Each structure stands twice: as structure tokens, then as C-alpha cells.
Amino acid sequence: MAEVKKPTAKSTTKAAAKKPAAKKAATKKAAPQKDTSETRTTKAQKAAPLKAGATKAAATKKDTTVDFKDRALTKAKSAASQGKERTGTAIENLSKMIEDSARTIDDNVGEKYGDYARSAADAVSSFAEKLNAKEIDEMVDDARDYVRKSPAVAIGAAAVVGFLISRLIKSGMDDRDA
């Protein structure tokens, strides 16, 4: 049979040296507990006026923003109403001019062409009446509906109007330079 070796004193010290060192339990000293309820109460009391001021400022800013928006909408509607009235008047005058020129067209070119001018005058006059009868909000809703139904035509019309406005502005600037 095989012999079992008994550990010698030398081998025991080597084994003890090879064993991992026992780790000491790391214990932190607990920091003494402060009574934070008093600290929180004091901080809250100091911050209360600031919080109230911030809340009041936020409410005031919101009220100011709403007030500014309402004033802007009121002014825009007023300007649009004035523009609508001026446009209606201008279109009615255009209709009268076309109607007056229809008589001249009858004499110079023929009644057939004079009738075309009168029908154009009637169409322009009915458009002026429709324009004067509608409110601004109705016109805005009609424009939105039209843009939803045919966006390509709306984009094209916007491009043409933009081009015309730019030409008018440019011609006005050219007149100032001369």
C-alpha cells in the first residue's frame, strides 16, 4: 500500500504561506445621523418666497403671452377686414368700368363682344358681392379647404403671387433709385 505522508512542520508553514490572506471585514464607521427634518424645514421656509415668486412669474408670463396673442389676432382681423372692404370696393369699381366699356365695345367691335364684356362685369360684380358678404373667418376656412382639396394649384398660385409681389417691390425700389 501507499504510504501516507504526514505533514511536517516545514510543509505546514509553506501551506500557510500559500493560503490567501484572510481579508479583514471592511467596516465603515457609520456617520452620525443628523436630524434632517429641521434642515429641510428651514430650507423650505427660505425657498417658499422664491417658489411663490417663480410661480407668480410663470403665471404672469402665461397671461402676458395669451394677452399678446389675443391683441395680435384682433389687430390681424381688423386689418384683414379693412383690406377686404377695400378689395370689395375696388372690385366693384372694376365691374363698373367693364360695364361702361361694354357700350364702347358694342359700338366699335360688335354686340357679341360687348355681351362678353357685360358677362365678365356681372361675374366680377357677383364675386365682389360674395367677398363683401363673407366674414374673414369664413374666408380663411374656405382657403384651407381649397388648399386641402388641390394643393398643387394652391402652391402654384402662391408662387405666382410671390413673383408678382417681388416684381412690385423691385419696381418700387427702382423708382426710388431713379
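Refer to the structure above for everything that follows.
Residues numbered from 1 in each chain as written. Predicted model: local features only at pLDDT ≥ 70, side-chain atom pairs only at ≥ 80, totals over all residues. Heavy atoms only, no water.

Draft legend 1. Summary view of the layout of surface pockets. If you add up the space inside the largest pocket, you get close to 170 Å³. Its residues assigned to classes, the lining of the largest pocket shows 3 nonpolar, no polar and 3 charged. (1 Å grid on protein atoms, 1.4 Å probe; cavity = no way out; pocket = protein on both sides within 12 Å on 5 of 7 lines; lining within 4 Å. Points joined across faces, edges and corners; volume = space filled by probe spheres on them. Nonpolar A, V, L, I, M, F, W, Y, C, P; charged D, E, K, R; others polar.)

Draft legend 2. Layout of the side chain of Lys-84. If you trace the backbone, Lys-84 turns up in helix H2 (residues 36-108). For the buried residue Lys-84, which engages in no salt bridge, the nearest side chain bearing the opposite charge is Glu-135, 5.4 Å off. In this structure Lys-84 touches Leu-131, Asn-132, Lys-134, Ile-136 and Met-139, once residues within four positions along its chain are discounted. (Helix = DSSP H or I, 4+ residues; strand = E, 2+ residues; numbered from the N terminus. Buried < 20%, exposed > 50% of the residue type's maximum accessible area, 1.4 Å probe, protein only. Lys, Arg positive; Asp, Glu negative; His and termini not counted. Salt bridge = Lys/Arg side-chain N within 4 Å of Asp/Glu carboxyl O. Contact = heavy atoms within 4.5 Å.)

Draft legend 3. Representation of a nonpolar patch on the surface in the model. Taken together, the side chains of Val-161, Ile-165, Ile-169 and Met-173 make up a nonpolar region of the molecular surface, amounting to roughly 370 Å² of accessible area. Mapped onto the fold, Val-161 is located in helix H5 (residues 151-177). Val-161 gets classed as partly exposed once you look at its relative accessible area, which sits at 45%. (Patch = residues over 30% accessible without salt bridge, like charges linked within 9 Å, V, L, I, M, F, W, Y side chains within 5 Å. Areas by Shrake-Rupley, 256 points an atom, 1.4 Å probe, with all protein chains shown as cover.)

Draft legend 4. Structural context of the packing of aromatic side chains. The tally for this structure, following the rule as stated, stands at 1 aromatic pair. Between Tyr-113 and Tyr-116, the aromatic rings sit 6.0 Å apart at their centres with planes inclined by 65°, giving edge-to-face as the arrangement. Separated by 3 residues within a single helix, Tyr-113 and Tyr-116 lie in helix H3 (residues 111-133), roughly one turn from each other. For Tyr-113, a relative accessible area of 43% translates into the label partly exposed. By relative accessible area, Tyr-116 is classed as partly exposed at 48%. (Phe/Tyr/Trp six-rings, centres within 6.5 Å; stacked < 30°, edge-to-face > 60°.)

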